[in-house]
Amino acid sequence: MTKAELREKIRLLVPTVVGNKKQAEAAAVEYDELTKFPELKAVIVDLLTHEFDNFIASIDWVAPKPTTFRINLKNDQDFYLIYSRTSWIAQVEGKKYYLLNLPEEERATEAIARILRYGTTSSDEAADTDSGSEDVDVEVDDNVDIDI
């Protein structure tokens with residue numbers, strides 16, 4: 001690869017990278033916690049890419065020490081991000097992933113992807129009620145004589 005080819009590739013990649021960063025910044029304004037805690041935004045972008053806004057419904061600050069955030073997803077699932085002195089910890093379905101280690105961060109990303117595939121609980125409940133029994137109204141006449 002020549003210098004000219006490398007420069008051309010970089011020239012083509014720069015608008016994409018800058019555009020992704022601007023998109024993440026615009027989406028972060030919607031969430032108060034991301035503006036108060038910029039480190040949290042960096043972790044969410046690492047776990048969910050710069051398009052995190054498509055997947056997150058809300059962010060709740062649930063505990064001051066250790067600083068804990070509940071990330072509510074649009075499919076009514078959630079996971080927690082906990083700040084510790086050394087790194088962030090993602091708690092997904094009860095399992096903790098220390099995000100300082102790249103393999104653990106990858107496993108956390110896979111676990112989040114898995115819970116994103118679950119779908120919404122409201123559609124599951126509707127399917128359960130429709131697939132079962134139906135209520136039938138039956139009138140009973142009390143004035144009927146039965147001979148045994």
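Quick caveat: nothing in here was measured; it's all calculated off a predicted structure.

We now examine a nonpolar patch on the surface. Together, Met1, Leu6 and Ile10 give the surface a local cluster of nonpolar side chains, amounting to about 320 Å² of exposed area. Mapped onto the secondary structure, Ile10 falls in helix H1 (residues 3-28). Classification of Ile10 by relative accessible area gives partly exposed; the value is 46%.

Right, let's get into the packing of aromatic side chains. Per the stated rule, a full pass over the model turns up five aromatic pairs. On the basis of an interplanar angle of 75° and a centroid distance of 5.0 Å, the ring pair of Phe37 and Trp61 is categorised as edge-to-face. Taken together, the residues span a long stretch of sequence, with Phe37 in the loop between helix H2 (32-36) and helix H3 (38-48) and Trp61 in strand S1 (residues 56-63) at a distance of 24 residues. Residue classification places Trp61 among the partly exposed positions, given a relative accessible area of 44%. Every member of this aromatic cluster is reached through a ring pair, and the members are Phe37, Trp61, Phe69, Tyr83 and Trp88. Between Lys95 and the ring centre of Tyr97, over which it is positioned, the NZ or CZ distance is 5.5 Å.

This next bit is on the sheet that holds strand S2 (residues 68-73). Pairing is antiparallel in the open sheet, where five strands are placed in the order S1-S2-S3-S4-S5. In the strand order of this sheet, the two ends are held by S1 and strand S5 (95-98), each with one partner. Pairs of neighbouring strands in the sheet enclose a mean axial angle of 25°, with direction left out of account. With six bridges connecting them, S1 and S2 associate as antiparallel partners. Residue Ile56 lies in a different strand from S2, and its bridge partner there is Leu73. Here H3 sits on the sheet in contact with S1, S2, strand S3 (78-83) and strand S4 (88-92), set at roughly 135° to S3.

A full pass over the atoms with the stated rule returns three salt bridges. One salt bridge in this structure joins Arg114 and Glu93, with 3.8 Å as the shortest N-O distance. With Arg114 in helix H4 (residues 102-116) and Glu93 in the loop between S4 and S5, the pair connects residues that are 21 residues apart, well separated along the chain. In this structure Glu93 comes out as partly exposed when scored by relative accessible area, which is 45%. Between Glu104 and Arg107 there is a salt bridge, with the nearest N and O atoms lying 3.8 Å from each other. With Glu104 and Arg107 both in helix H4 and three residues apart, the pair spans about one turn of that helix. According to the relative accessible area criterion, Arg107 is partly exposed, its value standing at 41%.

Within the largest apolar cluster, 24 residues are counted, with the highest numbers of intra-cluster contacts made by Leu40, Ile44, Leu47, Ile71, Phe79, Leu81 and Leu99. Put simply, the parts of the chain that give this core at least two residues each are H3, S1, S2, S3, S4 and H4. It is H3 that contributes the most residues to this core, five residues altogether. With near-sequence residues (within four places) excluded, Leu81 lies in contact with Leu40, Val43, Ile44, Leu47, Thr67, Thr68, Phe69, Ile71, Trp88, Ile89, Ala90 and Leu99.

Reading guide: rules and limits
- Residues numbered from 1 in each chain as written.
- Predicted model: local features only at pLDDT ≥ 70, side-chain atom pairs only at ≥ 80, totals over all residues.
- Heavy atoms only, no water.
- Patch = residues over 30% accessible without salt bridge, like charges linked within 9 Å, V, L, I, M, F, W, Y side chains within 5 Å.
- Areas by Shrake-Rupley, 256 points an atom, 1.4 Å probe, with all protein chains shown as cover.
- Salt bridge = Lys/Arg side-chain N within 4 Å of Asp/Glu carboxyl O.
- Helix = DSSP H or I, 4+ residues; strand = E, 2+ residues; numbered from the N terminus.
- Buried < 20%, exposed > 50% of the residue type's maximum accessible area, 1.4 Å probe, protein only.
- Phe/Tyr/Trp six-rings, centres within 6.5 Å; stacked < 30°, edge-to-face > 60°.
- Lys NZ or Arg CZ within 6 Å of the ring centre and 35° of its normal.
- Pairing = 2+ DSSP bridges.
- Axes fitted to C-alpha atoms, helices over the stretch in contact; angles between N-to-C directions.
- Contact = heavy atoms within 4.5 Å.
- Core = buried A, V, L, I, M, F, W, Y, C linked by side-chain atoms within 4.5 Å.

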